[in-house]
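Secondary and tertiary structure notes
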Amino acid sequence: MAAEPKELRDDALNGLRLSTQLERVWRTPPGLLGALMSVDHKVVGRRYIVTAFAFLGLGGLLAVLMRIQLAGPEKTFLSADKYNQIFTMHGSTMMFLFAVPVMEAFAVYLVPLMVGTRNIAFPRLNAFSYWMFLFGGGFLWISFLFNVGPDVGWFSYVPLSNLQFTPSKRADVWAQMITFTEVAALAVAVEIIVTVFKLRAPGMTLDRIPLFVWAMLVTAFLVMFAMPSVMVASTSLILDRLVNTRFYDSSSGGHPLLWQHLFWFFGHPEVYIIFIPGTGMVSAILATFARRPVIGYPIVILSLIATGLLSFGLWVHHMFVTGLPQLGAGLFTASSMLIAVPSGLQIFCWLATLWDGRLVYRTPLLFVIGFILIFVLGGLSGVMVASVPIDTQVHDTYFVVAHFHYVLIGGAVFPLIGAVYYWFPKIAGRVLSERVGRWNFWLAFIGFNIAFFPMHILGLIGMPRRVYTYTADMDWAHLNLVSSAGALVFAVSFALLLVNVIYSLRKGELAGDNPWGASTLEWATSSPPPPQNFDRIPVVKHRDPLWADGESLPVVAGLSTDRREVLLTSLAEAEPQVREASPEPSIWPLLTAIATTIFFIGSIFTPWAVLWGTPPMAIALIGWFWPKGSKEDEA
Amino acid sequence: MSVWVRGVLVLCTIWPLAACAGQQSALDPQGLQSEQIQHTLFIFLVIAAIVWIAVVIVLGVGMLRRKPLTDQPLDLDQAFEERSGRVVLALGIATTAIVLGLSFVSYAGQRTVFAKDEHVLTIKIIGHQWWWEVRYEADRPHQSFVTANEIRIPTGQPVKVELESADVIHSFWVPSLTGKMDLITGQKNELQFTARNAGVYRGQCAEFCGLQHAHMAFAVIALPPDEFGRWRDHENQSAASPSDQLGMQGEALFRGRGCALCHNISGTMAGGQLGPDLTHLASRTTIAAGTLPNTPATLAGWIADPQHIKPGNLMPKMPLQSDELIAILHYLEQLK
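All of the points below concern the structure found in this document. (Residues numbered from 1 in each chain as written. Chains lettered and ligands numbered in written order. Predicted model: local features only at pLDDT ≥ 70, side-chain atom pairs only at ≥ 80, totals over all residues. Heavy atoms only, no water.)

1. Comments concerning the overall build of chain A
- For chain A, the count of helices and strands is 20 helices and six strands.
- For chain A, the C-alpha radius of gyration of 25 Å lies close to 26 Å, the compact-globule estimate for 635 residues.
- Dimensions of chain A, computed from C-alpha atoms along their principal axes, come out at roughly 85 × 60 × 50 Å.
- A burial count over chain A gives 66% of its 635 residues as buried.
- When contacts within chain A are restricted to residue pairs at least 6 apart in sequence, long-range pairs at least 24 apart make up 80% of them.
- For chain A, the computed accessible surface area is about 21,400 Å², with 70% contributed by carbon and sulfur atoms.
- One way to put it: in chain A the 40 positive side-chain charges average out to a point 6 Å from where the 39 negative ones average out. (Helix = DSSP H or I, 4+ residues; strand = E, 2+ residues; numbered from the N terminus. Rg over C-alpha atoms; globule rule 2.2 N^0.38 Å. Buried < 20%, exposed > 50% of the residue type's maximum accessible area, 1.4 Å probe, protein only. Contact = heavy atoms within 4.5 Å. Areas by Shrake-Rupley, 256 points an atom, 1.4 Å probe, with all protein chains shown as cover. Lys, Arg positive; Asp, Glu negative; His and termini not counted. Charge placed at Lys NZ, Arg CZ, Asp CG, Glu CD.)

Have a look at this one:
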């Protein structure tokens, strides 16, 4: 047998030669086609983040329109029809196109860097996931611009969303958009789980995984178990609408409450799918700016897992006024309140960390402090909403609107904006302006509270949700005006963030590898990171490697420099196991996404699309998985 | 600073409002059930406020504490680490105790709110897009009657409402009397409440039910029992026959112009079942499910163009000459 030419490994090269060689192997091909083929988790992650923020901007604009309409009684700024479309689009956009995707986007970008590997697991699936998300979101918004936007609420309750009461395509658009985004979310969840389980740098045992990565791992499992429920729900809905199945029709054996159970079995964990990544961001930011590790690492992780498990046991609190048996409802009160325990434990750990830390008051830390103040209040109003008797009054009123904006904006968006300020230097290589950042924080904090605090009172004095107007004699006008003014201030804070990002991309101060003196591995490489992430895979000997080992991280060598290769390690102890090939750039994920999009959208208009839409998908998938005879993985 | 201001605002804004709240308010309880709910609400509110202020104090003191600077983030005091771990766990146990305690408080309140009394009056309420059908069903059929968007009840007596839907899901909510309950297609729900005092209590649909969800209000009018009895006897009777020429003309037009296809007026040929029963329309305080006060002017405007006032509702705009409109209006005004 002829000897193969000896493969070049990274122990044979050094310094600049090694970097250049790895960069040549790992880079995204040039040109437009190259960009469309990219499977680099950083490129995909960046696109994901930017797209999700674009949807945040659109959803935010809709919120401003609603606040203008509600600023006074009997305003005619929006018609009932427009208002109903807009509140549905606002909720759907924020939940499905912003909150979940943006958290997964940060994970796509950061998790491989934080666990010290060269790419995410299943990078082509990752590219496919982004395209599906983009096409699904684009489809929803284009439909909205053509006046086919859904108008039955982000929860789309039957029978209102049945064919009988929504004969137009609006509910189909909603249901199919769900399918798009769930496919995208499930794909990322799989990638994150495998990346965390198998691609960690040698030595990163389970108890050395950064808290942010733990949070994303728990989130990924939540996605895996929650999303199928809503996919079943929305698929049954679309079948009811298109081919006359009767899942939700009470006159032929179905039931409208089936929809609510399926939807909230997803919908409640959904809240934690959004919130848990926020806690991960808080833990990461806090450690860096309190200049010490977060107190109670095992408590925080167990709390994350407990929150994840408990989140599946409390969906019924969304249904307290549907006429459930009283004792059953009472038990769900207790289970709903119990989730305050793991959330509380995390808060206590953070408070202890702040108590002991030597605080560096930069913008990310300000957002974390704002997060604690707002989120705790939202959590406490959540305890109130969990009580059956209180809920019978506040359910579907502005009290609940206030509550979940305190939880979601306080619990997820504040940490997220903090995360933008924190990780922007890593992603863009430049630091965001601190001065603008402070303005951004104070406007956001003050604007948010002015906008949403009065809603608690509005709900208690009788204002229901989802009403496009109210009469002057209801005494709601003043508080609504205050709320609308606050919403404008809050909107300005996001405009400032945008200005800051655009300005700092060109003129911002250069970041260097580790501008904040942080401890986790993503700061061990350059900013922005090279295509291969790390020239040599680091070896982790401590939970805070950059604090423990300073500038000289130990590394392993022996990976190929001729082709894309990642190191697989064992699940618990992260001992090196196998060198495995990592996929090359490919156009097939994009083509598969296009074929799937045609299939999904076509099936709204005719069931036959299920037939003629399948062959293109099959062709695309065959192209994707066509065997290339790649080298066997080696131990 | 802003933190303290907010904390104080929380307490100051809610209590005065409780005193001056309007006619549709959970903070202005006028029934046994709403009083109980408010009681539970205040227990929760006080505990929540204490917890939040405690967190703010710990956070504030933690931020103000002077701590020695060091370049060694991992140079930790082991004794402190262990102590803080224990404190965190102790607080976790305290949290558990609080939420379990609150669960019991909540369940006790729930049992009171949903306690079943020997009811004296049962009213069936059927939700429609976007109005309320109200059926008083007595054992003797001739004492049963139907009305819309206004529910009269006797004070001091438990009332049971049976809730059903004719189309999509709605929710029955009169916050001054009790919490809400959904009206769900294919399901029968019920709710009991007792009004303490006579008065008009506004209610509103609380579950999004389509285009005009915002205009689906109703009124619960609590009357002293004897007055309620008189109203009920009156409501049992058929509609008054028109007393003058114009009224008779109006009645004929009501039948001839299609109104009677959807609306019922007891004792006449008008027997439609799709829209609200109009037998005693003139005695009601509002029209179009609480959208407008019931005056000749608003009623005329409604008949002339219902789609302008409440776009999307099922009542079509009928082409009527102005003298025809006046005749119909005159007739309807006599349905006391």
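2. A few points about the overall build of chain B
- Summing up its helical and strand segments, chain B has nine helices and twelve strands in all.
- Over its C-alpha atoms chain B spans a radius of gyration of 28 Å, topping by over 25% the 20 Å that the globule rule assigns to 336 residues.
- In terms of overall dimensions, chain B has a C-alpha envelope of 100 × 45 × 35 Å along the principal axes.
- For chain B, the residues scored as buried account for 53% of the 336 residues in total.
- Sequence-distant contacts, at least 24 apart, represent 64% of the contacts inside chain B between residues at least 6 apart.
- When the accessible surface of chain B is totalled, it reaches about 15,100 Å², and 61% of it is carbon and sulfur.
- Averaging the positions of the 25 positive and the 30 negative side-chain charges in chain B gives two centres separated by 4 Å.

3. Observations regarding the interface of chain A and chain B
- Taken together, the contact between chain A and chain B spans 91 residues of the former and 87 residues of the latter.
- A buried area of about 7,500 Å², summed over both sides, lies between chain A and chain B, and 71% of it is on carbon and sulfur atoms.
- If you sort the residues of chain A by the area they bury against chain B, A:Trp355, A:Arg358 and A:Gln393 come out on top, with a joint share of 11%.
- Summed over the shared surface of chain A and chain B, the result is two salt bridges.
- Taken together, the connections running from chain A to chain B amount to 23 residue pairs in polar contact (both at pLDDT 80 or more).
- Of all elements in the fold, only α4 (80–114), α8 (256–289), α10 (326–338), α11 (340–356), α12 (363–386), α13 (388–394), α15 (434–460) and α17 (545–549) of chain A reach the threshold of two or more residues within the side of chain A that touches chain B.
- Element by element, the count of residues in the side of chain A that touches chain B is highest for α11(A), at ten residues.
- Looking at side-chain class alone, the side of chain A that touches chain B contains 56 nonpolar, 22 polar and 13 charged residues. (Buried area = accessible area lost by both parts, 1.4 Å probe. Salt bridge = Lys/Arg side-chain N within 4 Å of Asp/Glu carboxyl O. Polar contact = N/O pair within 3.5 Å; in protein donor to acceptor, adjacent residues only side chain to side chain. Nonpolar A, V, L, I, M, F, W, Y, C, P; charged D, E, K, R; others polar.)

4. Examining the nonpolar core
- Membership of the largest hydrophobic core comes to 272 residues, with the highest contact counts inside it found for A:Phe106, A:Phe414, A:Trp423 and B:Phe172.
- Per-element accounting of this core gives the leading share, 23 residues, to α4(A).
- With residues up to four places along the chain from it excluded, the contact list for A:Phe106 reads A:Ile49, A:Phe53, A:Val111, A:Phe212, A:Met281, A:Leu416, A:Ala419, A:Val420 and A:Trp423.
- By size, the runner-up hydrophobic cluster in this structure holds 22 residues, among which are B:Ala239, B:Leu281, B:Ala327 and B:Leu329. (Core = buried A, V, L, I, M, F, W, Y, C linked by side-chain atoms within 4.5 Å.)

5. A look at the sheet that holds strand β9 (residues 199–204) of chain B
Residues and elements named next belong to chain B.
- Strand order across the open sheet formed by three strands is β4-β10-β9, with mixed pairing between neighbours. The open sheet has two free edges, formed respectively by β4 (150–154) and β9, since each of these has just one partner strand. For this sheet, the mean angle separating the axes of adjacent strands, direction not counted, is 25°.
- Where β9 meets strand β10 (residues 217–223), six bridges bridge the pair, whose relative direction is antiparallel. Across the sheet, the residue bridging to tyrosine 201 is valine 220, located in β10. (Pairing = 2+ DSSP bridges. Axes fitted to C-alpha atoms, helices over the stretch in contact; angles between N-to-C directions.)

6. Some points on the environment of B:Glu150
Residues and elements named next belong to chain B.
- Topologically, glutamate 150 is positioned in strand β4.
- Separated by 106 residues in the primary sequence, glutamate 150 and phenylalanine 44 have C-alpha atoms spaced 34 Å apart.
- When neighbours within four sequence positions are excluded, glutamate 150 is seen to be in contact with Val134, Ala219, Ile221, Ser283, Arg284, Thr285 and Thr286.
- Here arginine 152 takes part through its side chain, which lies 3.3 Å from a polar atom of the side chain of glutamate 150.
- A distance of 2.5 Å separates a polar side-chain atom of glutamate 150 from the backbone nitrogen of threonine 285.

7. A closer look at the environment of A:Ser527
Residues and elements named next belong to chain A.
- Structurally, the position occupied by serine 527 is in the loop between β2 (509–510) and β3 (537–538).
- Sequence separation between serine 527 and alanine 428 is 99 residues, and the spatial gap between their C-alpha atoms is 6.8 Å.
- Setting aside residues no more than four positions away along its own chain, serine 527 makes contact with Pro425, Lys426, Gly429, Ala511, Gly512 and Asp513.
- Within the structure, the side chain of serine 527 is placed 3.0 Å from the side chain of lysine 426, a separation counted as a polar contact.
- Polar side-chain contacts of serine 527 include one of 2.9 Å to the backbone oxygen of glycine 512.

8. A look at helix α4 (residues 225–236) of chain B
All names here are of chain B.
- Taking 1.5 Å of rise per residue, twelve residues should cover 16 Å, and α4 covers 16 Å from first to last C-alpha, within 8% of that figure.
- Residues of α4 that are buried: Phe228, Trp231, Arg232 and Glu235. Seen along its axis, α4 keeps its buried residues to an arc of 100°; they face one direction. In α4, those exposed residues whose orientation departs by more than 90 degrees from the buried face are Asp226 and Arg230.
- In the core, the buried residues of α4 are packed alongside β1 (121–128), β2 (131–136), β3 (145–148), β4 and β10. (Expected span 1.5 Å × (residues − 1). Arc of directions from axis to C-beta.)

9. With respect to the pattern of salt bridges
Residues and elements named next belong to chain B.
- Going through the model one piece at a time under the given rule, you end up with 23 salt bridges over all chains.
- Glutamate 35 is the salt-bridge partner of arginine 196, the closest N and O atoms lying 2.7 Å from each other. Here the residue arginine 196 occupies a position in the loop between β8 (189–193) and β9, and glutamate 35 occupies one in helix α2 (residues 32–64), the gap between them amounting to 161 residues.
- Judged by its relative accessible area of 27%, glutamate 35 is partly exposed.

10. Digging into helix α16 (residues 477–507) of chain A
- Along its 31 residues, α16(A) runs 45 Å from first to last C-alpha, staying within 8% of the 45 Å computed at 1.5 Å per residue.
- Inspection of α16(A) places A:Asn480, A:Ser483, A:Ser484, A:Gly486, A:Ala487, A:Phe490, A:Ser493, A:Leu497, A:Asn500 and A:Ser504 among the buried residues, and these make up the whole buried set.

11. A short note on the environment of A:Gly72
Residues and elements named next belong to chain A.
- For glycine 72, the location among the structural elements is in the loop between α3 (41–70) and α4.
- Judged by its relative accessible area of 9%, glycine 72 is buried.
- Along the sequence, glycine 72 and glycine 429 sit 357 residues apart, while their C-alpha atoms lie 46 Å from each other.

12. Some details on unusual backbone geometry
All names here are of chain A.
- Each neighbour pair has its own omega, and for serine 527 with proline 528 the value is -10°, a cis peptide bond.
- One can find proline 528 in the loop between β2 and β3.
- Of note, glutamate 74 is a non-glycine position whose phi angle comes to about 50°, a positive value.
- Structurally, the position occupied by glutamate 74 is in the loop between α3 and α4.
- Even without being a glycine, arginine 466 presents a positive backbone phi close to 60°.
- Position of arginine 466 among the secondary structure elements: in the loop between α15 and α16.

13. Examining the packing of aromatic side chains
- Going through the model one piece at a time under the given rule, you end up with 65 aromatic pairs over all chains.
- Relative to A:Trp523, the ring of A:Tyr422 lies with its centre 5.3 Å away and its plane at 65°, an arrangement referred to as edge-to-face. A residue pair is termed long-range when its members are at least 10 positions apart, and A:Tyr422 in helix α14 (residues 398–428) and A:Trp523 in the loop between β2 and β3 qualify at 101 residues. Here A:Tyr422 and A:Trp523 have matching classes, each one buried.
- A:Arg543 extends its terminal NZ or CZ atom over the ring of A:Tyr297, reaching a point 3.7 Å from the ring centre.
- Seen from the ring of B:Trp173, B:Lys180 lies directly overhead, with NZ or CZ sitting 4.2 Å from the centre. (Phe/Tyr/Trp six-rings, centres within 6.5 Å; stacked < 30°, edge-to-face > 60°. Lys NZ or Arg CZ within 6 Å of the ring centre and 35° of its normal.)

14. Overview of the pairing of β2(B)
Residues and elements named next belong to chain B.
- Extensive coverage of β2 is indicated by the burial of five of its six residues.
- As paired elements, β1 and β2 share six bridges and run antiparallel to each other. Residue pairing across strands places histidine 128 opposite tryptophan 131, the latter belonging to β2.
- Remark: two residues form the turn of the hairpin made by β1 and β2, two consecutive strands paired antiparallel.
- Where β2 meets β3, four bridges bridge the pair, whose relative direction is antiparallel. Each residue of the ladder has a partner; that of valine 134, found in β3, is threonine 147.

15. Considerations on the state of the cysteines
- The tally for this structure, following the rule as stated, stands at zero disulfides over all chains.
- As a non-bridged cysteine, B:Cys262 has B:Cys259 as the owner of its nearest cysteine sulfur, 8.8 Å distant. (Disulfide = S-S within 2.5 Å.)

16. Some details on the side chain of B:Glu133
Residue and element names in this part refer to chain B.
- Following the sequence through the fold, glutamate 133 ends up in strand β2.
- Residue class for glutamate 133 comes out buried when judged on its relative accessible area of 10%.
- Within polar-contact distance, the side chain of glutamate 133 engages the side chain of histidine 128 at 2.7 Å.
- Among the polar contacts made by the side chain of glutamate 133, one reaches the side chain of arginine 135 at a distance of 2.4 Å.
- Sequence-distant contacts of glutamate 133, defined by excluding residues within four places in its chain, comprise Lys124, Ile125, Ile126, His128, Val146 and Thr147.

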